[in-house]
Amino acid sequence: MSAIVIVGTQWGDEGKGKITDYYAENADYVVRFQGGNNAGHTIMVGDETFKFHLLPSGILRKEKKVVIGNGVVVDPIILLKELTEIKKRGFEIKNLSISDRANVIMPYHKIIDSIEEKLKKEFKAGTTKRGIGPCFSDKIARFGVRMIDLLEKETLEKKLDMLIPIKQKILDIYGENINLSKKDILEEYLACGKKLRRYVTDTSLLINNALDEKKIVLFEGAQGTHLDIDHGIYPFGTSSNTIAGGACIGAGIGPQRIDRVIGVVKAYTSRVGTGPFPTELDDERGEHLRDKGGEYGTTTGRPRRCGWLDMVMIRFAVRVNVLNALVITKIDVLSGLKKIKVCKEYEHKGRIIRDFPADMNLLANCKPIYDELDGWGYYSKDEWERMIKKGYEALPENMKRYINYIQKATGVEIELISVGPRRWETIDMRSYH
Ligand code: IMP
């Protein structure tokens with residue numbers, strides 16, 4: 001098995017960073033294939049916490065090669081900041097490659113993101129305001145600046161000669177008193193190009209060669225299935241293809257290359273941003289999940305909306321990604337809840353809905369139909385440690401029932417169970433299969 005894709009099955013924030021880092025132990029390459037610095041990965045090494053937005057999670061494992069694929073939109077200023085920070089903390093960056101074809105987030109993208117969010121009123125997605133949508137719009141409209149353009153003064157200047165007056169006109173129409181300076185943008189982005197030049201390359205070639213050599217390549221999804229531009233909760237999702245198929249486009253590999261797709265399921269649901277959320281909890285149980293789960297955006301710090309696990313969402317993710325295995329994360333966060341609910345289907349005007357709908361009005365009026373399971377108590381750090389050492393069998397009976405419920409409802413094998421943010425807080429189920 002050499003090409004493995006890891007995707008989120010919900011609305012992002014499933015804990016993919018930790019899981020990618022876990023699988024990265026046996027991988028040679030870790031590749032990001034979509035999104036941008038709207039993502040936020042938290043990884044704990046020992047007691048140190050690292051938060052990344054753009055760098056692939058494998059960056060902390062020194063011997064791994066990490067790749068930012070063509071499908072990622074790159075904010076070079078943020079990327080350089082992350083590289084500087086990580087170097088300061090003792091990590092050498094030798095093995096990073098960035099696609100020459102990746103589109104660049106420009107200053108006007110960030111400005112337009114904020115303005116358009118305001119104008120969209122009830123249709124706003126609650127974006128991260130990182131310029132993601134406007135950058136992907138420009139890419140598709142062929143107004144984009146690509147990483148390769150940052151390496152040549154004449155190329156970038158020519159593009160900016162065309163782009164700046166257009167973007168200025170848009171800002172003027174929006175009534176914003178903002179002056180875009182071609183000179184400043186050219187200088188700043190050429191300087192970024194100079195610093196990043198050594199990493200910029202044809203990453204599709206690199207990855208395909210690695211796969212030919214039977215290297216293990218991990219494709220690290222950002223966000224989650226239900227934020228996908230085509231398959232997510234449009235227009236409240238993000239602007240890239242977050243599902244497994246996105247790995248082909250965003251890394252430049254053929255579909256036949258992919259050997260396995262792993263879906264990460266958080267044991268409950270969270271959402272940062274707007275849009276319908278059928279299993280949302282506005283009471284103390286929602287507070288429990290937010291507090292115990294530390295559900296505050298890694299990128300924006302916003303409190304996340306929290307609710308019960310929704311199998312309608314997960315089954316959809318199993319279908320559109322064709323998942324070979326599931327990883328359950330943050331199950332420890334449910335500890336202390338007397339009863340735990342899981343949504344098995346929705347009800348809308350007397351009709352049972354088993355498949356996640358495209359109609360957002362309908363979704364907003366769906367009532368979740370729940371199964372209720374018994375919860376389990378709190379366990380101390382030592383008790384968790386003991387259980388993890390002993391493995392799955394040692395877990396509380398009601399937790400095992402919850403895990404079995406997910407397995408049965410999806411028909412997909414559960415490969416890992418994560419019970420905490422650190423690498424060792426993981427139960428590997430592969431010996432049970
Ligand atoms: P954008 O990707 O910044 O344009 O935001 C679009 C929507 O996706 C908003 O609702 C964001 O809150 C959400 N979003 C973007 N990135 C993430 C992520 O990494 N985790 C969770 N939600 C995200």
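Preceding block: the structure.
Residues numbered from 1 in each chain as written. Predicted model: local features only at pLDDT ≥ 70, side-chain atom pairs only at ≥ 80, totals over all residues. Heavy atoms only, no water.

1. Observations concerning the overall build of the protein chain
Along the backbone of the protein chain there are 13 helices and 20 strands. For the protein chain, whose C-alpha radius of gyration is 22 Å, the value lies close to the compact-globule estimate of 22 Å for 433 residues. Across its three principal axes, the protein chain shows a C-alpha extent of roughly 65 × 50 × 40 Å. A buried classification covers 57% of the 433 residues belonging to the protein chain. In the protein chain, of all internal contacts separated by at least 6 residues, the share reaching a separation of at least 24 is 76%. Per element, the accessible surface of the protein chain, about 18700 Å² overall, is 49% carbon and sulfur. Here the protein chain holds 68 positive side-chain charges and 60 negative ones, and the gap between their average locations is 1 Å. (Helix = DSSP H or I, 4+ residues; strand = E, 2+ residues; numbered from the N terminus. Rg over C-alpha atoms; globule rule 2.2 N^0.38 Å. Buried < 20%, exposed > 50% of the residue type's maximum accessible area, 1.4 Å probe, protein only. Contact = heavy atoms within 4.5 Å. Areas by Shrake-Rupley, 256 points an atom, 1.4 Å probe, with all protein chains shown as cover. Lys, Arg positive; Asp, Glu negative; His and termini not counted. Charge placed at Lys NZ, Arg CZ, Asp CG, Glu CD.)

2. Remarks on the site of the ligand
Neighbouring the ligand are 18 residues; Asn 38, Ala 125, Thr 128, Thr 238 and Val 272 lie closest to it. In this structure, an oxygen atom belonging to the ligand sits 2.6 Å away from a main-chain N or O atom of Ala 125. Backbone polar atom of Val 272 to an oxygen atom of the ligand: 2.6 Å apart, as the coordinates give it. In the complex, the protein chains occlude 97% of the 470 Å² of accessible area that the ligand would expose alone. Looking at the shell around the ligand residue by residue, the classes come out as seven nonpolar, eight polar and three charged. (Near = heavy atom within 4 Å. Polar contact = N/O pair within 3.5 Å; in protein donor to acceptor, adjacent residues only side chain to side chain. Nonpolar A, V, L, I, M, F, W, Y, C, P; charged D, E, K, R; others polar.)

3. Topic: the packing of aromatic side chains
Under the defined criterion, the tally for this structure stands at eight aromatic pairs. Ring plane angle 70° and centroid distance 5.1 Å describe the contact between Trp 11 and Phe 277, whose orientation is recorded as edge-to-face. Taken together, the residues span a long stretch of sequence, with Trp 11 in the loop between strand 1 (3-8) and helix 1 (16-24) and Phe 277 in the loop between strand 12 (269-271) and helix 9 (284-292) at a distance of 266 residues. Take Trp 11 and Phe 277: they sit in the same class, and that class is buried. (Phe/Tyr/Trp six-rings, centres within 6.5 Å; stacked < 30°, edge-to-face > 60°.)

4. As for the packing of helix 10 (residues 311-321) against helix 13 (residues 397-410)
At a minimum axis separation of 10 Å, helix 10 and helix 13 run at an interaxial angle of 50°. Taken together, the axes of helix 10 and helix 13 are oblique relative to one another. In the crossing of helix 10 with helix 13, the sense of the turn from one axis to the other is right-handed. Within the contact between the two elements, helix 10 uses Met 311, Ile 314, Arg 315 and Val 318 and helix 13 uses Tyr 405, Ile 406, Ala 409 and Thr 410. Here the contact of helix 10 with helix 13 is built from residues that sort into six nonpolar, one polar and one charged. (Axes fitted to C-alpha atoms, helices over the stretch in contact; angles between N-to-C directions. Parallel < 35°, antiparallel > 145°, perpendicular 65-115°, else oblique. Left-handed = near helix turned anticlockwise from the far one by under 90°.)

5. Examining the pattern of salt bridges
One pass over the structure, following the stated rule, counts 34 salt bridges. Close ionic contact of Glu 48 with Arg 89 constitutes a salt bridge, the shortest N to O distance being 2.8 Å. Of the two residues, Glu 48 is situated in strand 4 (residues 48-52) and Arg 89 in the loop between helix 2 (76-88) and strand 7 (96-99); the sequence distance between them amounts to 41 residues. Note on Arg 89: relative accessible area 37%, which makes it partly exposed. Two residues, Asp 428 and Arg 430, come together in a salt bridge whose shortest N-O distance is 2.8 Å. Several salt bridges converge on common partners, so that one network encompasses Asp 13, Lys 266, Glu 295, Arg 304 and Lys 330. (Salt bridge = Lys/Arg side-chain N within 4 Å of Asp/Glu carboxyl O.)

6. Thoughts on the layout of surface pockets
Size it by volume and the second largest pocket reaches roughly 240 Å³. Contributing to the lining of the second largest pocket are 13 residues, with Lys 51, Phe 52, His 53, Glu 82 and Glu 85 lying nearest its centre. Contributing elements (two or more residues each) for the lining of the second largest pocket: strand 4 and helix 2. The biggest single contributor to the lining of the second largest pocket is helix 2, with five residues. (1 Å grid on protein atoms, 1.4 Å probe; cavity = no way out; pocket = protein on both sides within 12 Å on 5 of 7 lines; lining within 4 Å. Points joined across faces, edges and corners; volume = space filled by probe spheres on them.)

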